[in-house]
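# What the coordinates show
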Amino acid sequence: APSLIKRSHQMLDLRQNSNLSHFYLWKSAMVIVARYPVLGIGVGAFPKYFERYQGTSLLPRTMMFGQKLYFNNRGGYGTPVHNSLLQIWAETGSLGFIAFLFIIGIFIKNMFTAIKQENDDRLKYILIGLFVGVIGVLLHNLSITNLIDHFWAILAIAMAAAQLTITESQKQFINR
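None of these values were measured; they are calculated from a predicted model.

What follows concerns empty space enclosed by the protein. If you walk through the whole model with that rule in mind, you get 1 cavity of 30 Å³ or more. In this structure, the largest cavity encloses a volume near 40 Å³. Residue classes in the lining of the largest cavity are distributed as 5 nonpolar, 1 polar and 1 charged.

Interaxial distance between helix 4 (residues 84-117) and helix 5 (residues 121-140) falls to 9 Å at its minimum, and their mutual angle equals 155°. With respect to each other, helix 4 and helix 5 are oriented roughly antiparallel. As for the relative orientation of helix 4 and helix 5, their crossing is left-handed in sense. Residues Phe 100, Ile 104, Phe 107, Ile 108, Met 111, Phe 112, Ala 114, Ile 115 and Lys 116 of helix 4 form the contact with helix 5, whose participating residues are Lys 124, Leu 127, Ile 128, Leu 130, Phe 131, Val 134, Ile 135 and Leu 138. Here the residues of the contact of helix 4 with helix 5 are counted per class, giving 15 nonpolar, no polar and 2 charged.

Below, the discussion takes up unusual backbone geometry. Trans is the prevailing form of peptide bonds, just as negative phi is the prevailing case for residues other than glycine. Positive phi values are uncommon outside glycine, yet His 82 reaches one of about 65°. Along the polypeptide, His 82 turns up in the loop between strand 2 (67-68) and helix 4. Classification of His 82 as partly exposed rests on a relative accessible area of 23%.

Moving on, we get to the confidence of the model for the chain. Per-residue confidence for the chain gives a mean pLDDT of 84; residues scoring 70 or more make up 84%. Least confident of the elements in the chain is strand 1 (residues 63-64), whose mean pLDDT is 66; most confident is helix 4, at 95.

In terms of nonpolar packing, the biggest core is built from 19 residues, with Phe 100, Phe 107, Met 111, Val 134, Leu 138, Phe 151 and Ala 158 touching the most fellow members. At the level of elements, helix 4, helix 5 and helix 6 (149-175) are the ones that each hand at least two residues to this core. Here this core gets 8 residues from one element, more than from any other, and that element is helix 4. Those residues within four positions of Ala 158 in sequence are excluded, and the remaining contacts are Phe 107, Met 111, Leu 130 and Val 134. With 15 residues, the next largest nonpolar core counts Ile 32, Phe 50, Val 81 and Leu 86 among its residues.

About the thresholds
- Residues numbered from 1 in each chain as written.
- Predicted model: local features only at pLDDT ≥ 70, side-chain atom pairs only at ≥ 80, totals over all residues.
- Heavy atoms only, no water.
- 1 Å grid on protein atoms, 1.4 Å probe; cavity = no way out; pocket = protein on both sides within 12 Å on 5 of 7 lines; lining within 4 Å.
- Points joined across faces, edges and corners; volume = space filled by probe spheres on them.
- Nonpolar A, V, L, I, M, F, W, Y, C, P; charged D, E, K, R; others polar.
- Axes fitted to C-alpha atoms, helices over the stretch in contact; angles between N-to-C directions.
- Helix = DSSP H or I, 4+ residues; strand = E, 2+ residues; numbered from the N terminus.
- Parallel < 35°, antiparallel > 145°, perpendicular 65-115°, else oblique.
- Left-handed = near helix turned anticlockwise from the far one by under 90°.
- Contact = heavy atoms within 4.5 Å.
- Buried < 20%, exposed > 50% of the residue type's maximum accessible area, 1.4 Å probe, protein only.
- pLDDT = per-residue confidence, 0-100.
- Core = buried A, V, L, I, M, F, W, Y, C linked by side-chain atoms within 4.5 Å.

Right, dumping it as structure tokens:
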């Protein structure tokens, strides 16, 4: 579709302020990770931290590739990293980031196990849909920051469905 091709070109265009702003925000998150590697700066603190230190020696230059960057403070809520994984890492430090990756790893392992063990095709397709939904939200969050309630809710539903399938399979195995 022509609109998808046009959007793909926009996403790769280094003259677009939005793209350059994302790169600067990602760089800012990595500066925070380097400065506060273990515990981070606190959940929800990136927007305040960014506003306080943007343009200082800690987060220098609000220009990239010769262009001045402009940031949207989301109606007074501050500027997010526009990458949930980097925001989690900056705000919770390496310990929180590792915990998040551990949760996602358990999710992936349990979903694969449940999908493999499920004999009912309808339930298998539901599990696959939940799995793809969670992974899709995670991939989408590489360029935005909105891993909020709906992500955690669908992750919990998917994990519960996977655990039910695994438990039922174990019961069936024991009863044989």
